[in-house]
Structure formats: C-alpha cells, structure tokens
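# Descriptive analysis of the structure
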There are 2 protein chains.
Amino acid sequence: MNLVNQVLDEYGDLARGALFERLPTREPRKYLYDLVADYPRRGGRGMRPALHIASARAHGATLEQALATATSIELLHNALLVIDDIQDESEQRRGQPALHRQHGMPLAMNVGTSTYVLSLIPLLDNVTRCGPQVALWVIDRAIAMAEACAEGQALELGWRRDNVMDLLPADYFDMVLRKTCSYSTIFPIEAGAIIGTRRPDVHPAVLRYAFLVGAAFQVQDDYLNLASSRPSYGKETYGDLYEGKRTLITITLLDRCTPGERAEIRAFLALPRESKTAEQVARVMELVRRYDCLERARQYVQRLLGAAQVEFDIGFAELPPSRDREFLRQFPLWVVEQP
Amino acid sequence: MNLVNQVLDEYGDLARGALFERLPTREPRKYLYDLVADYPRRGGRGMRPALHIASARAHGATLEQALATATSIELLHNALLVIDDIQDESEQRRGQPALHRQHGMPLAMNVGTSTYVLSLIPLLDNVTRCGPQVALWVIDRAIAMAEACAEGQALELGWRRDNVMDLLPADYFDMVLRKTCSYSTIFPIEAGAIIGTRRPDVHPAVLRYAFLVGAAFQVQDDYLNLASSRPSYGKETYGDLYEGKRTLITITLLDRCTPGERAEIRAFLALPRESKTAEQVARVMELVRRYDCLERARQYVQRLLGAAQVEFDIGFAELPPSRDREFLRQFPLWVVEQP
C-alpha cells in the first residue's frame with residue numbers, strides 16, 4: 001500500500017501544480033477565478049490524474065506527454081464536484097461548506113460551467129506533446145466521456161426527482177458506469193493507454209479493469225457515506241440519505257424490506273432535503289443495519305475488485321514491469337483500504 | 001430589411017436542421033436528450049449562426065465549411081439560455097415556462113452543461129471540412145470566447161449578489177462585451193472570417209463591427225424588456241427589474257435620480273425576486289420614465305449602430321459584393337427594427 005499512496009501523492013501533486021499554473025490570474029478574480037481555485041485548494045487525493053499518468057507511463061509514454069491530460073482530468077473532476085454539490089444541495093465538500101453555500105447558487109454554477117470549459121484547454125496541448133492524431137483521439141474519447149457523465153447524472157437526478165422505486169443493481173451499475181467510472185477511471189486509464197501506445201484501440205480487459213475499479217470505488221464511497229465517522233471523509237455523514245440518492249445500499253434495502261417499511265422509505269425519500277429529520281434518517285439507518293445492507297455493499301466491493309484483478313492480469317500482461325504498472329496492480333486494494 | 005429576414009430564416013433553418021441531426025437519439029431521453037431539444041424546438045431567430053455563415057461566405061468559404069461552426073454556435077446559445085434562466089430565476093423563455101420551471105433545477109442544470117459540451121463536438125468536424133490548422137484556430141477562439149462568457153456572467157451575477165450600485169456605462173459595456181458579444185457576434189463573425197480567409201488574423205474593423213452590433217443588440221434587448229408589450233418578445237415584461245439586472249437603463253437611472261430615490265431603488269434591487277411586488281416594479285418604471293432612461297438607451301443603440309456601419313465600411317471594404325456581405329451591411333438596421 002505504501003507504493004499506491006506514494007504514487008498518488010507524487011502524481012496528485014504534479015497534476016495540482018500544473019492545474020494551478022493554468023488557472024487564469026486576470027480579473028474577475030473575486031467573482032470567478034478565486035472561486036475556480038477554491039475546490040482544488042482544498043486538496044483531494046489526485047486519484048484520477050494518478051491513474052492517467054500511471055496508465056500512460058505503463059503503456060510507454062513520458063510524464064510530459066501525460067501531464068496535459070492529467071491536468072484536464074483534475075479540472076474536470078473539480079468542475080463536476082461544484083456542479084454536483086449544487087444539484088444535490090450538498091452542505092460540505094472536503095471538510096468545508098460547499099461552494100454554493102459560500103457564494104450563492106448562481107455564482108457557484110458559473111464557476112462549475114467555467115471550470116468545465118477550462119478543463120478542455122489542456123487537451124489542446126496534446127497536439128504538440130503527442131502529435132495531432134493522438135490529440136484528436138483523446139479529444140474524441142473526452143467528448144464521449146463527457147456525454148456519458150451527463151447521461152449518468154441525468155439518470156441519478158431523474159430517479160430522485162420522480163422518486164423511482166423499482167431499480168435493480170443493474171440499473172445502478174449502468175448509472176455508475178456513466179456518471180462515475182467514465183471520468184474517474186475509464187477515461188483516465190484509456191486516454192493513458194492511447195497516449196502511451198499511440199493507438200486508438202485499447203485492450204478490452206484494460207477498459208474492464210477501469211470500469212470494475214471505478215464501480216468498486218463508487219460503492220465504497222456509498223458505503224463510507226453511511227458507515228464512516230471519520231472527519232477526513234469530508235462530506236456530511238448520511239448525506240446520501242438526506243439527498244435521497246439511489247445507492248446500492250438503498251436499492252438493497254428496498255429489495256429486502258417489508259411492504260410496510262418500503263412505503264415508509266418511499267415517503268422518506270420523497271421529502272425535500274430540508275424536511276428530513278435526524279430521527280427519520282436514524283430510522284432508515286436502523287433498517288439499513290437490520291437488513292445487512294452495508295455488509296452487502298462490502299461484498300460487492302470485494303467481488304468487483306477481485307474481478308478487476310483478473311482483468312488486470314489479462315489487460316496488462318504484455319506490458320513490461322514498472323513502478324506505474326505495479327501501482328495499477330495494487331490499486332484495487334487501495335480502494336477498500338484508502339486512508 | 002427583407003434581405004436580412006430572408007437570410008436569417010434561411011441560415012437559421014439550416015443551422016437548426018443540422019443541430020437536430022446531431023442530437024443523440026439514444027437513452028436517457030426523458031431525463032436528458034428530450035430536454036436538450038426543448039429550447040431549440042421553441043424556435044429562435046438564428047441570428048448567431050446566420051452571422052457566422054454570412055461572415056464565412058462573405059470571406060470566401062463554402063456553406064459546407066461554415067455549417068459545423070454554425071451548429072456549434074446555435075447549440076452553445078441554447079446551452080447558455082438554459083443556464084442563464086436558472087441563474088436568473090427566469091420564468092419564461094420563448095413564450096413558454098423556463099426549462100427549470102418545467103423539470104426542476106437539477107435536471108435543467110444538467111441539460112445546460114450537457115448542451116454546452118455537445119456544442120463543442122461540431123468544431124471537431126472542421127478538421128475534415130476546413131483542415132486541421134483552421135480547425136485549431138477556430139477551437140482556440142471558441143475557448144477564448146467561452147472564457148469571456150464565463151467572465152461576463154461572473155460580473156453580472158456578482159454585481160447583483162453584492163447589490164453593486166456604483167457602476168458606470170463603461171462597466172456595463174465591459175460586461176456585455178464578454179457576456180453577450182463574445183458568443184453572439186464576435187466569435188460567429190471572427191470564426192467565419194478565419195474559415196473564409198484561412199488566416200488566423202481578422203481585420204480589426206471586422207471585430208469592432210461585431211462588438212458594436214452585439215452591444216447594440218444587448219442594449220436593445222434591455223430596452224425591449226422594459227418597453228415591449230409584444231407577446232412575441234418571449235420573456236416576461238419587466239423581467240430584468242424582477243431579476244435585479246444591472247442594465248444600461250438601471251445604471252442611467254441610478255446616475256440621474258435623487259439620493260432618496262437611489263436609496264429606494266437600492267432597497268428594491270436588494271430584494272429577492274419573489275419578494276418584489278408589481279407595485280414596486282411600477283414605481284421603478286415610473287422613475288425610469290421620469291428620467292428618460294429608455295430614451296437614453298435608444299440613443300445608445302443608434303450611436304452604436306452608426307459606429308458599426310462605419311466599421312463595416314472599413315472592415316469589409318476589400319471583400320467582393322455578395323448577398324452575404326450585403327446582409328452584414330444591412331444587419332445593424334435590423335437590430336432596431338427586429339420584428
């Protein structure tokens with residue numbers, strides 16, 4: 001695990017450094033660019049740029065060739081955090097009030113869309129760093145990824161708005177594939193492989209590895225939201241319940257509970273966030289524990305990661321040993337043991 | 001004026017047709033792609049794509065070469081409308097309820113950011129239609145334009161949030177240059193010139209023409225919001241006052257009124273939209289009329305358009321006569337006489 005944390009620290013710092021170098025320093029600072037820098041300044045572990053740089057180098061690229069896309073990925077991540085926090089009416093991010101709670105929704109929303117646009121600029125640097133053909137392949141994948149993100153987000157928000165109750169784990173994983181995996185693991189690892197191999201077609205097992213690791217990461221995140229009392233977690237505990245999110249835990253609960261409990265949970269989920277009381281949340285948590293839903297989520301994480309390790313052995317079999325390859329091999333273990 | 005309306009109809013239809021061809025038809029339709037198509041289906045006059053196509057053809061491009069960027073421009077316009085309507089808490093757009101009032105803020109916001117991303121895709125077609133070098137110049141200008149939009153929007157939203165009272169017309173035009181002109185007139189006309197001439201440097205008078213026409217269009221829009229009772233206007237009358245916008249009319253009013261009235265307007269502007277009453281709005285309109293603020297806005301429009309005509313004669317002097325060049329020459333008159 002030391003290697004994973006070392007590489008995360010190293011590549012995360014590199015991407016954050018490159019990100020801050022790119023942020024405009026001109027006016028309007030107070031209403032825009034200071035706010036764009038806010039979430040990146042709060043830290044974050046740099047998982048996404050680290051996966052990209054490691055994939056690129058494991059596939060034969062130089063750090064220089066990977067760094068532009070790593071910067072783009074980290075900027076996009078911060079853009080989506082700002083946007084998600086507004087849409088979810090979240091209270092906290094990285095241990096501080098969410099951006100829209102500090103600056104109001106309209107300015108925060110403008111920061112989100114601006115950061116989204118800014119995140120595309122580094123991809124143009126690939127023209128000189130990797131050549132125009134590789135640059136266009138990466139841009140093509142980036143656009144497909146951004147579309148997938150929008151689709152996954154649409155599903156999650158739509159399910160909540162309509163208080164959809166008949167979801168299966170398959171629906172959840174379809175949503176997570178698009179909303180989380182597409183930009184957190186698949187694009188970073190796929191774009192790294194394209195930049196490293198200078199070919200547009202990436203080994204299917206590499207893409208499956210990326211999806212499985214990303215899905216496990218999201219289920220673990222859902223788990224931590226209801227199970228964690230660590231202050232380092234950075235979001236409010238039980239936030240997913242207050243926000244009415246359809247997580248694997250909620251879906252398991254709705255599948256296992258009695259019809260009477262189901263009606264009760266349905267009414268709870270339909271309440272607007274600010275109308276939900278701590279007592280109601282405690283009651284739902286009691287049901288979550290009674291039906292072993294947290295344990296079920298942990299089982300999913302273990303099996304997704306086991307499958308990811310199998311796909312790693314296939315997808316990365318022909319790449320020469322390297323620190324970056326070893327980081328990717330050990331990464332699934334980090335997902336469950338993240339500090 | 002017939003020519004201007006003819007060209008607007010023709011090019012607007014072409015761009016809208018190309019736009020609908022590009023919209024994804026896959027799932028999720030109900031929560032995403034049907035909503036992305038909503039504002040474009042409501043119509044719009046196609047001013048932005050028409051300016052682009054006319055500029056490109058007047059500078060020597062084919063329609064085919066201009067159409068990808070025209071589609072991008074029309075998509076971006078629709079994305080910004082969805083986003084603006086949320087940030088402004090607008091009630092209506094193109095004569096129907098604003099998207100977030102129909103589908104809720106979170107889903108509408110996701111439609112706005114998705115449409116923003118979708119708007120970039122056609123620019124990649126320029127690689128094959130115009131060659132990679134021209135395509136990269138246009139993408140470079142598009143990114144600068146998107147940054148400018150975000151900056152202008154940040155200024156406008158920040159001024160409202162902080163109830164800024166000491167603005168000058170120069171501040172207003174700086175904001176409008178970035179928020180409106182950058183994407184409505186400057187980028188369309190500049191990108192058209194780049195595609196037509198296959199050179200990155202556009203005649204400065206062409207850029208000044210584009211700014212002046214765009215600024216006049218925005219002041220006219222501010223004017224119509226307070227002066228128009230046409231149902232075809234599509235937004236609620238006095239919406240700018242309810243939204244507390246800093247328009248040239250508000251700025252003129254604050255400059256001309258007495259200290260007591262100024263304090264009264266300040267308190268009015270500080271109210272949230274839903275707390276403002278029709279009586280309060282009528283009182284502010286009484287002051288707007290007493291101090292001839294609408295007349296002042298009309299003067300600005302006339303002078304901006306006069307200056308635009310001077311810049312046209314310089315910037316387009318060496319281009320051969322054509323229907324497209326004639327459209328651009330007559331376009332300033334349309335801004336004040338738009339049906």
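Structure: see above.
To start, this report covers the structure provided alongside it. Predicted model, so just to flag it, every value in this text is computed and none were measured.

Moving on, we come to the packing of aromatic side chains. Tallied over the full model, the rule gives 14 aromatic pairs over all chains. Ring geometry for B:Phe312 and B:Phe316: centres 4.5 Å apart, planes at 15°, overall stacked. Within the aromatic cluster, the residues linked to one another by ring pairs are A:Tyr172, A:Phe173 and A:Tyr300. Over the aromatic face of A:Phe268 sits the side chain of A:Lys276, whose NZ or CZ is 5.3 Å from the ring centroid.

Time to look at unusual backbone geometry. Residues and elements named next belong to chain A. Of note, the amide linkage connecting Glu-27 to Pro-28 takes the cis form, showing an omega dihedral of -5°. Following the sequence through the fold, Pro-28 ends up in the loop between α1 (2-22) and α2 (29-36). Backbone geometry places Tyr-238, a non-glycine residue, at a positive phi of 65°. Among the secondary structure elements, Tyr-238 is positioned in the loop between α10 (204-227) and α11 (239-242). Looking at Tyr-238, the relative accessible area reads 26%, which means it is partly exposed. With a phi angle near 55°, Asp-292 is a residue other than glycine that sits in the positive phi range. Within the secondary structure layout, Asp-292 lies in the loop between α14 (278-290) and α15 (293-315).

Superposition of the two copies of the chain requires a rotation about an axis together with a shift along that axis. Each copy of the sequence occupies a distinct position, and chain B is placed on chain A by a rotation of 180° and an axial shift of 0.0 Å, giving an RMSD of 0.0 Å. The transformation just described matches what one would write down for a two-fold rotation axis. No C-alpha of chain B approaches the rotation axis more nearly than that of B:Thr113, which lies at 3.3 Å. Comparing interface residues between copies, 100% of those in chain B also sit at the interface in chain A, which points to an isologous, same-surface contact.

What follows is about helix α8 (residues 121-130) of chain B. Each α-helix turn comprises 3.6 residues. Residues three or four places apart therefore point the same way. Taken as a whole, α8(B) has its buried residues at B:Ile121, B:Pro122, B:Leu123, B:Leu124, B:Asn126 and B:Cys130. Once α8(B) finishes, B:Gly131 follows within two positions and takes phi at roughly 95°, a positive value.

The next thing to look at is empty space enclosed by the protein. Within this structure, the stated rule accounts for eight cavities of 30 Å³ or more. In this model, the largest cavity occupies a volume close to 190 Å³. Looking at the largest cavity, the residues that line it are A:Leu120, A:Leu123, A:Leu124, A:Ile139, A:Ala142, A:Ile143, B:Leu120, B:Leu123, B:Leu124, B:Ile139, B:Ala142 and B:Ile143. Considering only enclosed or pocket space, the second largest cavity measures out at about 100 Å³ in volume. What lines the second largest cavity is a set of 14 residues, among which B:Leu76, B:Ser119, B:Leu120, B:Ala142 and B:Met145 lie closest to the centre. Going through the elements one at a time, α7 (105-130) of chain A together with α5 (63-87) and α9 (132-161) of chain B are the ones with two or more residues in the lining of the second largest cavity. Considering every element that reaches the lining of the second largest cavity, the biggest residue donor is α9(B), with four residues.

Calculation rules
- Residues numbered from 1 in each chain as written.
- Chains lettered and ligands numbered in written order.
- Predicted model: local features only at pLDDT ≥ 70, side-chain atom pairs only at ≥ 80, totals over all residues.
- Heavy atoms only, no water.
- Phe/Tyr/Trp six-rings, centres within 6.5 Å; stacked < 30°, edge-to-face > 60°.
- Lys NZ or Arg CZ within 6 Å of the ring centre and 35° of its normal.
- Helix = DSSP H or I, 4+ residues; strand = E, 2+ residues; numbered from the N terminus.
- Buried < 20%, exposed > 50% of the residue type's maximum accessible area, 1.4 Å probe, protein only.
- Least-squares fit on C-alpha atoms with pLDDT ≥ 70 in both.
- Contact = heavy atoms within 4.5 Å.
- 1 Å grid on protein atoms, 1.4 Å probe; cavity = no way out; pocket = protein on both sides within 12 Å on 5 of 7 lines; lining within 4 Å.
- Points joined across faces, edges and corners; volume = space filled by probe spheres on them.

Any link to function would need more than the numbers given here.
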